[in-house]
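The chain contents come next:
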Amino acid sequence: MTDGLPPHVRLANEIAIQFAHLDFTDGATRVAKHMHDFWDPRMLRALFTYKDTTGQDLDPLAAAAVDHLRHPTDPQPPPRESRPQT
Amino acid sequence: MSLLKEPDLGTPARKGDATVEVEIDGQSVVVPEGTSVMRAAALAGMDVPKLCATDSLEAFGSCRLCLVEIDGVKGTPASCTTPVRAGMAVRTQTPRLEKLRRGVMELYISDHPLDCLTCSANGDCELQDMSGVVGLREVRYGVGEGENHLDAPTDSSNPYFDFDASKCIVCSRCVRACDEVQGTFALTIEGRGFDSKVSPGGLDFLSSECVSCGACVQACPTATLEERSVVDLGMPTRSVITTCAYCGVGCSFKAELKGDELVRMVPYKDGGANEGHSCVKGRFAFGYATHPDRQLSPMVREKITDEWRQVSWEEAIQTVATRMRDIQERHGTGAIGGITSSRCTDEEVYVVQKMVRAAFGNNNVDTCARVCHSPTGYGLKQTFGTSAGTQDFKSVDDADVIVVIGANPTDAHPVFASRMKRRLRKGAKLIVMDPRRIGLVRSPHIEAAYHLPLRPGTNVAMVNAFAHVIVTEGLADEEFVASRCEDYEPWAEFIARPENSPEELEEITGVPAADVRAAARLYAAGPNSAIYYGLGVTEHSQGSTMVMGMANLAMVTGNIGRDGVGVNPLRGQNNVQGSCDMGSFPHELPGYRHVSDDNVRDIYEKLWGTPILPEPGLRIPNMFDAAIDGSFRALFVQGEDIAQSDPNTQHVHAALSAMELVVVQDLFLNETAKFAHVFLPGTSFLEKDGTFINAERRINRVRPVMKPKTGKHEWEIVCEIARAMGYPMHYDDTSQIMDEIALTTPTFSGVSFDLLDRVGSVQWPCNENAPLGTPIMHKETFVRGKGRFMPTNYVPTKERSTRKYPLILTTGRILSQYNVGAQTRRTANVTWHPEDTLEIHPHDAEVRGINDGDRVTLASRVGQTSLHARISDRMPVGVVYTTFHHPVTGANVVTTEHSDWATNCPEYKVTAVQVGLQTSKVDADKAQVAVPVAGS
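Every value quoted in this text rests on a predicted model; they were computed, and no experiment measured them. (Residues numbered from 1 in each chain as written. Chains lettered and ligands numbered in written order. Predicted model: local features only at pLDDT ≥ 70, side-chain atom pairs only at ≥ 80, totals over all residues.)

Colleague: What should I look at first to understand the domain arrangement of chain B in this one?
Modeller: Interface size is often expressed as the accessible area that is lost when the parts come together. Residue and element names in this part refer to chain B. Split by domain assignment, chain B resolves into domain 1 (19–93), domain 2 (154–290), domain 3 (299–372 + 576–696 + 706–727), domain 4 (374–569) and domain 5 (807–926). For domain 2 and domain 3, the distance between their C-alpha centres works out to 38 Å. On the domain 3 side, the residues contacting the 10 residues of domain 2 number 11 residues. (Domains from an automatic or database assignment. Contact = placed C-beta atoms within 7 Å.)

Colleague: Looking at this structure, I do not really get the nonpolar core. What am I missing?
Modeller: All names here are of chain B. Counting 246 residues, the largest nonpolar core has I402, F466 and M550 as the members making the most contacts within it. Broken down by element, the residue count for this core peaks at 10 residues, all from helix α13 (residues 459–472). Residues within four places of M550 in sequence aside, it is in contact with I405, V463, I531, Y533 and V567. (Core = buried A, V, L, I, M, F, W, Y, C linked by C-beta atoms within 7 Å. Buried ≥ 20, exposed ≤ 12 C-beta atoms within 10 Å, placed from the backbone. Helix = DSSP H or I, 4+ residues; strand = E, 2+ residues; numbered from the N terminus.)

Colleague: How should I be thinking about the interface of chain A and chain B in this particular structure?
Modeller: With 16 residues of chain A at the contact, the number on the chain B side is 19 residues. The element that contributes the greatest number of residues to the side of chain A that touches chain B is helix α1 (residues 7–18) of chain A, accounting for 5 residues. In terms of residue class, the side of chain A that touches chain B is built from 8 nonpolar, 4 polar and 4 charged. (Nonpolar A, V, L, I, M, F, W, Y, C, P; charged D, E, K, R; others polar.)

Colleague: Teacher, can you tell me more about the environment of G142 of chain B here?
Modeller: Residues and elements named next belong to chain B. Mapped onto the elements, G142 comes out in the loop between α3 (126–134) and β5 (154–155). By the C-beta count within 10 Å, which is 9 here, G142 ends up exposed. Between the C-alpha atoms of G142 and D689, which are 547 residues apart in sequence, the distance is 53 Å.

Colleague: Teacher, can you tell me more about the sheet that holds strand β35 (residues 837–840) of chain B here?
Modeller: Sheets are built from strands that pair by backbone hydrogen bonding, the pairs being arranged parallel or antiparallel. Residues and elements named next belong to chain B. Read once around its circumference, the closed barrel built from 6 strands follows the order β34-β38-β35-β37-β36-β39, with strand pairing classed as mixed. Direction aside, neighbouring strands of the sheet carry axes that sit 45° apart on average. Judged from the 5 bridges that link them, strand β34 (residues 807–812) and strand β38 (residues 879–883) form a sheet pairing that is parallel. Bridge assignment links T810 to a residue of β38, and that residue is Y881. (Pairing = 2+ DSSP bridges. Axes fitted to C-alpha atoms, helices over the stretch in contact; angles between N-to-C directions.)

Colleague: Help me understand the packing of α13 of chain B against helix α19 (residues 543–556) of chain B, please; the structure alone is not making it clear to me.
Modeller: Pairs of packed helices are described in terms of their axes, by the angle between the two and the distance that separates them. Residues and elements named next belong to chain B. Close contact between α13 and α19 brings their axes to 9 Å; oriented N to C, the two are set at 15°. When the axis of α13 is compared with that of α19, the two are roughly parallel. By crossing handedness, the relation of α13 to α19 is classed as left-handed. Between α13, through N459, V460, V463, N464, F466, A467, I470 and V471, and α19, the contact on the second element is made entirely by T545, M546, G549, M550, N552, L553 and V556. (Parallel < 35°, antiparallel > 145°, perpendicular 65-115°, else oblique. Left-handed = near helix turned anticlockwise from the far one by under 90°.)

Colleague: Hey, could you run me through the sheet that holds strand β2 (residues 27–32) of chain B in this one?
Modeller: All names here are of chain B. Ordered in space as β2-β1-β4-β3, the 4 strands form an open sheet in which the pairing is mixed. Both outer strands of the open sheet, β2 and β3 (69–70), are each paired with one neighbouring strand and no more. By the bridge criterion, 2 bridges tie β3 to strand β4 (residues 89–91) in an arrangement that is antiparallel. From the neighbouring strand, E69 faces β4, where its bridge partner is R91.

Colleague: Teacher, can you tell me more about the pairing of strand β28 (residues 661–666) of chain B here?
Modeller: Working note: regular strand, side chains alternate between the two faces of the sheet. All names here are of chain B. Most of β28 is tucked away, with 6 of its 6 residues classed as buried. Side chains of β28 alternate between two faces, with L661, V663 and Q665 and V662, V664 and D666 buried alike. Of the pairings in the sheet, the one linking strand β27 (residues 634–638) to β28 comprises 5 bridges and is parallel in character. The residue bridging F636 from the neighbouring strand is V663, located in β28. As judged from the 4 bridges shared by β28 and strand β29 (residues 678–681), these two strands associate in the parallel manner. Considered in β29, the bridge of V664 is made with F679.

Colleague: Just to check I follow, could you spell out the confidence of the model for chain B for this structure?
Modeller: In regions of low pLDDT, the predicted coordinates are not meant to be interpreted in detail. All names here are of chain B. Mean pLDDT for chain B: 94, with 98% of residues reaching 70 or above. Note that residues 927–936 has pLDDT below 50 and, in this model, 26 contacts with residues that lie over four places away or in other chains. What the predictor reports for the complex is a pTM of 0.94 with an ipTM of 0.88. (pLDDT = per-residue confidence, 0-100.)

Colleague: Would you mind going over the pairing of strand β11 (residues 252–258) of chain B with me for this structure?
Modeller: All names here are of chain B. Most of β11 is tucked away, with 6 of its 7 residues classed as buried. Both strand β10 (residues 238–243) and β11 contribute to a ladder of 6 bridges, which runs antiparallel. Bridge pairing in β11 links T242 to F253. As paired elements, β11 and strand β12 (residues 261–267) share 6 bridges and run antiparallel to each other. Among the inter-strand pairings, E256 is bridged to a residue of β12, identified as R264. Connecting β11 to the next strand, β12, in antiparallel fashion are 2 residues, including G259 with a positive phi near 60°.

And the structure:
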């Protein structure tokens, strides 16, 4: 069902869930690469802004991917309890 | 006369290396073993008279006209049914044979009207020809004397052809064509002896199981089965070989004309994709090209509420250019973009993406493949290294196991389906994965070994279960995997986990584990197993994952790189493959090369003399979102009706309404044109000059049958817009565009119009390594080197049935209609499908009080529409189905924003809905009755 999220957030979350079975760092890197390869820059900017402002509905893996896109070093996994259950 | 008469050697060619040498009328000829005497004679230049024989059908031996004498053989055997033997000496012309043949012809003619001068087949009648060949000068029995069939009635029920029984010689060619070529078995010979007659199952043609493919008309040697257009207009006088503009099979046709009037489309025997066969759309449904609805003048309006105003080409082009530039000045370079069409030629598509990249200065170009096969592009590139199917169509002739996943070839790709059915009738096994019991599951002389009616949205679970069986039961082709692939171990570890077993996934897919195991074993056993798939794979939230899952299956069983195997997307539209190849995606330049690749950009920047952005642009759904948020303000739409075909209609309409400028280039004022400010009339396939690329990567020429009715080719208009925007873009003719494609795209470097005109067609890659193209890909190595196994974690779609929306809607096509129906609704094909209907299982109908034919409401969380119900046990309980050919039905009013995670391809195949009986007067008043645009 629809979740009422902005499109870029919904899309980022949909990508993130596909990589949720991977090691977190590997998953975040792959999500970041996918967004880098396929997303128009304005979508990335909107996602960055969302993470920096509200951000609460952004999948942690997608959030880590945003960090990776900004600073292409290994993203740090969030605390286990805050990661989505898949 | 410049009609292209193709040679008919009488019986089909035989394959094989073994040959036989025989002597025909003193002339030696060497032919493959099993060849008929008739064919051998024809190859030696000695045509034997014939009526019941034609080389598209197996020999039948009924007309007795092809008798020959053979040394050492008693009597006069029929040359069509007699195979050659080594050392055989045959005589085809002797006084005895001539007398016998005249006697046979006398009998035929004694029961045939002698109205040759007024007959519709005059000049194109084999009976007439043979009468001349045998030297018939008299009919001793009289003509029409005694008992005869001259008053037999004509069946004109079919809108496209007549069946005039009075002219039938009961040669059975039509019956055999329906059986052998089409595979429908709709016709039979009814009665015995003198009472024998061709019958569509005791009914008229329209009421019968006939699918109007035209194979019987093609096979008929007389005027018995004749195109209505020939009856009305007379015999055509010239032919142009061109390519069909419907589905991705890409059939070659002879367009046959009188002057500039198209009389008929005849399937071309040398067509690489169809080899002389056709379907009801390509064969007959071309009337839309001259339909009165067609717009031939450019039009402009300030606001979409204004009336259209016809303007000159100059004004229309200048309006587009001026307003595009104005929007860019106010909102930025990236505020405009374009969409290319899979119905247009490669050359037309190429210039649009060039206009966007070079004149617009951004990468905001996408194509309608976004909403169909974009996951194919992604999935096959990730695993095999290139975004295309692996085989040619002929390959299916060598398949032992055929897996059809999420495709309905008999409706959507009928000419390929006929080829596939021929192979199935010869013994290949069939596995069908589809929620719906499609026609292939059980049809004449065909029954699927396994039909796995999985729940919509569970494809990846199913393909994982298949792979689990193969890996855990030791069925993998370890040698192939070791030598040809990489990343196998992590994938195998993942797929072997208990969570991927058929037993664990049974609750998700709804398919018994035992059936899944048995089907997987059958696929692995092959030895040649081939996967064919359609939009039932791609149009899901995990469409790309499923494509990779199928590629994994093919790799783990070694079913890649030879005839009879592979992973084969059945493309929806005529040029889906080509439009993708031509750089229509916002992240890729032609040839599937990413825009971030400096070396690739450098090629185009030097040639085009302008920088190209290294970052992807907006995809179609992103364009809609950006239009609503205000950052995307203008769109050029080439031949795609996004307002009807894209999901979540309300959202699309809001996006289109939000734009300052929508430019539509199309044949008709379609649904999208309601939101347009400039309308640029397009050309039909009969006017186009260029190429289409079909699902097997075959580059076919589209030759102009007539001049553009609008006065301009579409590519010329695009070039003029680019020039008006200040970017110089010019070609003298279409061949120069292909030359530029070849110059800049390695997989096309050997392609030219000259080559295509010389050899007919080629399949890319066509370059110095493969000067005549590549029918089978990945033979020695994969395009990316090693085939890559990709993990395919099953993630359920978010779109799930709920108490409020307890059913799942899935959508598809029907044989007689094509996509949003812009073409087929403007032909007599509406006879078969005047409106979209909702297929619903008897149980789901009963609990809702719905009877067959009732008008029902169809509602999802995003919209509601209404249509008539059709109760069908082809559907599983809990799943309903409709088509999207009629705008008034508005199937996409109910489809949602969910899409494939990798490509944004919409999830058309899974929408939670509720269906209810439409009872209230208010609802009834609002009911949209689907009325065809015209029935011409």
